[in-house]
Amino acid sequence: MALSRNLIILCSLLFFISPCISQTSFRPKALLLPVTKDPSTLLYFTQFNQRTPLVPVHTILDLGGLYLWVDCDRGYVSSTYRPARCNSAQCNLANANGCITACFDAPRPGCNNNTCALLVDNTVTNIGTDGELGQDVVSLQSTDGSNPGRVVSVSNFLFVCAPSFILNGLPSGTEGMAGLGRTKVSLPSQFAAAFSFNRKFAICLSSSKGVVFFGKEPYIIQPNIDVSKILTYTPLIINPVSTAAAFVQGDPSSDYFIGVKSININGKPVPLNTTLLSINSQTGFGGTMISTVVPYTVMETTIYNAFVNAFVKELVDVPRVASVAPFGACFDASKIVGTRLGAAVPSIDLVLQSSNVFWRIVGANSMVQVNEDVLCLGFVDGGENPRTSIVIGGHQLEDNLLQFDLATSRLGFSSSLFSRQTTCANFDFTPKA
């Protein structure tokens with residue numbers, strides 16, 4: 001829903017120019033961020049350095065997030081922080097939705113008069129509020145695709161100073177969310193502008209550690225496999241209606257959608273209402289979205305029921321057992337053989353622009369071991385009439401490298417790296433001597 005604005009006068013944004021971003025004299029071809037999965041919440045953390053003096057900042061990786069937002073209420077201290085003033089080029093670039101005319105406290109990061117207001121969206125709890133647009137130093141490692149390289153900095157990186165309460169519902173130690181979405185001020189867009197490299201990035205998540213690459217390939221995973229050479233491509237689709245918890249009317253979604261046309265299990269089509277797989281251009285409902293803040297793939301009820309029934313039919317020799325929340329279909333683990341690709345269960349194909357282009361989900365990504373006796377199908381019933389018909393969640397993304405090319409609006413995907421006898425945890429974070 002769109003938030004009401006108290007004490008805010010809408011900005012008059014009259015022109016657009018490039019962001020005021022500077023960088024070190026060394027010009028990297030790519031950057032990287034380490035990723036770690038939190039076992040209690042199943043969210044993915046990343047860490048980089050920010051401010052002057054530099055301090056480590058722990059944020060949740062949000063694939064469709066609008067931009068970086070950080071809690072500035074609790075101990076944000078930096079000599080290089082600058083608020084973005086109303087009607088400035090920074091406001092224009094960030095598509096600011098208003099101006100904060102007065103902050104009734106001593107000036108500090110997040111509390112300055114006549115500064116741009118942007119919406120802050122906690123996509124885990126679906127709570128939104130307003131925050132102050134500002135800029136500060138951000139520092140992270142470069143890469144040649146194989147190992148970390150020199151540390152580089154962006155001196156005027158735009159982000160939003162958020163109030164502390166917006167962190168409610170996030171794991172302890174979280175200081176914000178790092179948005180990789182389709183905006184001009186998301187992490188991929190700002191890094192590309194700062195270092196003049198390709199507007200693309202890739203995520204490679206795992207149940208332990210993973211990596212995000214920004215910029216030019218290759219993506220080398222040990223034992224010396226260049227995953228960029230084994231990708232299959234499909235168009236990225238823009239949802240014309242925002243899918244955020246807090247948004248301005250008329251904003252498109254910053255999330256990443258793909259055109260799933262059908263679902264096959266063991267090569268057999270699942271009987272679905274295919275109209276749900278398309279995005280309604282008026283309401284923004286429907287379609288298939290990719291998310292790093294949803295632990296397991298969520299499906300609209302009729303899709304979910306047809307999907308589960310088809311899967312159970314193909315796994316006919318394995319007894320079902322009592323369901324374990326949040327899953328609806330669970331099985332006797334002793335009757336399922338383990339393989340290099342995970343549990344030996346029917347393959348699931350998300351069929352894309354043609355029958356020859358599909359994202360295959362193998363047992364490692366389709367099944368969840370809830371205890372030593374029970375394996376569950378790791379998909380969740382999303383209820384009737386959800387905003388998005390299918391949301392592909394973190395468990396299904398793990399050990400699959402996904403490349404998001406913003407310039408050409410296409411997704412490259414590897415399917416399970418287990419078939420290549422490697423994992424996303426195998427990126428070598430040891431710097432070269």
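None of the values given here were measured: they were computed from a predicted structure. (Residues numbered from 1 in each chain as written. Predicted model: local features only at pLDDT ≥ 70, side-chain atom pairs only at ≥ 80, totals over all residues. Heavy atoms only, no water.)

*Asks:* Hey, could you run me through the side chain of Gln 396 in this one?
*Replies:* With respect to the helices and strands, the residue Gln 396 is situated in helix α5 (residues 394–397). A polar contact of 2.7 Å, which involves the side chain of Gln 396, links it to the backbone oxygen of Asn 365. Apart from residues lying up to four places away in sequence, Gln 396 is in contact with Tyr 296, Thr 297, Trp 359, Ile 361, Asn 365, Ser 366, Gly 378 and Phe 379. (Helix = DSSP H or I, 4+ residues; strand = E, 2+ residues; numbered from the N terminus. Polar contact = N/O pair within 3.5 Å; in protein donor to acceptor, adjacent residues only side chain to side chain. Contact = heavy atoms within 4.5 Å.)

*Asks:* Could you clarify how one ought to interpret helix α3 (residues 301–314) in this entry?
*Replies:* Because an α-helix completes one turn every 3.6 residues, residues spaced three or four positions apart along the sequence face the same direction. For α3, spanning 14 residues, the distance from its first C-alpha to its last is 20 Å, which sits close to the expected 20 Å at 1.5 Å a residue. Buried within α3 we find Thr 301, Ile 303, Tyr 304, Ala 306, Phe 307, Val 308, Ala 310 and Phe 311. (Expected span 1.5 Å × (residues − 1). Buried < 20%, exposed > 50% of the residue type's maximum accessible area, 1.4 Å probe, protein only.)

*Asks:* I would appreciate a short explanation of the sheet that holds strand β28 (residues 367–371) in the present structure.
*Replies:* Strand pairing in a sheet takes place through backbone hydrogen bonds and is either antiparallel or parallel in direction. Spatially, β22-β23-β29-β28 is the arrangement adopted by the four strands of the open sheet, whose pairing is antiparallel. Here the strands that pair on one side only, and so sit at the sheet edges, are β22 (320–321) and β28. With four bridges connecting them, β28 and strand β29 (residues 374–377) associate as antiparallel partners. Paired with Val 368 across the strands is Cys 376, a residue of β29. Packing against the sheet, α3 makes contact with β22, β23 (330–332), β28 and β29, and its axis sits at approximately 135 degrees to β29. (Pairing = 2+ DSSP bridges. Axes fitted to C-alpha atoms, helices over the stretch in contact; angles between N-to-C directions.)

*Asks:* Is there a simple way to think about the layout of surface pockets in this case?
*Replies:* Rolled over the atoms, a probe sized like a water molecule indicates the empty space that remains. Size it by volume and the largest pocket reaches roughly 640 Å³. Lining the largest pocket are 33 residues, with Thr 123, Asn 126, Thr 243, Met 289 and Val 294 positioned closest to its centre. Looking at the lining of the largest pocket, the elements with two or more residues in it are β8 (115–122) and β21 (297–299). The leading source of residues in the lining of the largest pocket is β8, at three residues. One number sums up the size of the second largest pocket: a volume of about 540 Å³. Lining the second largest pocket are 25 residues; nearest its centre among them are Leu 66, Asn 95, Thr 183, Asp 251 and Pro 252. Taken together, the elements giving at least two residues each to the lining of the second largest pocket come down to α1 (89–93) and β8. Taken together, the residues of the lining of the second largest pocket sort by class into 15 nonpolar, seven polar and three charged. The two domains that each donate at least three residues to the lining of the second largest pocket are domain 1 (30–218) and domain 2 (225–426). (1 Å grid on protein atoms, 1.4 Å probe; cavity = no way out; pocket = protein on both sides within 12 Å on 5 of 7 lines; lining within 4 Å. Points joined across faces, edges and corners; volume = space filled by probe spheres on them. Nonpolar A, V, L, I, M, F, W, Y, C, P; charged D, E, K, R; others polar. Domains from an automatic or database assignment.)

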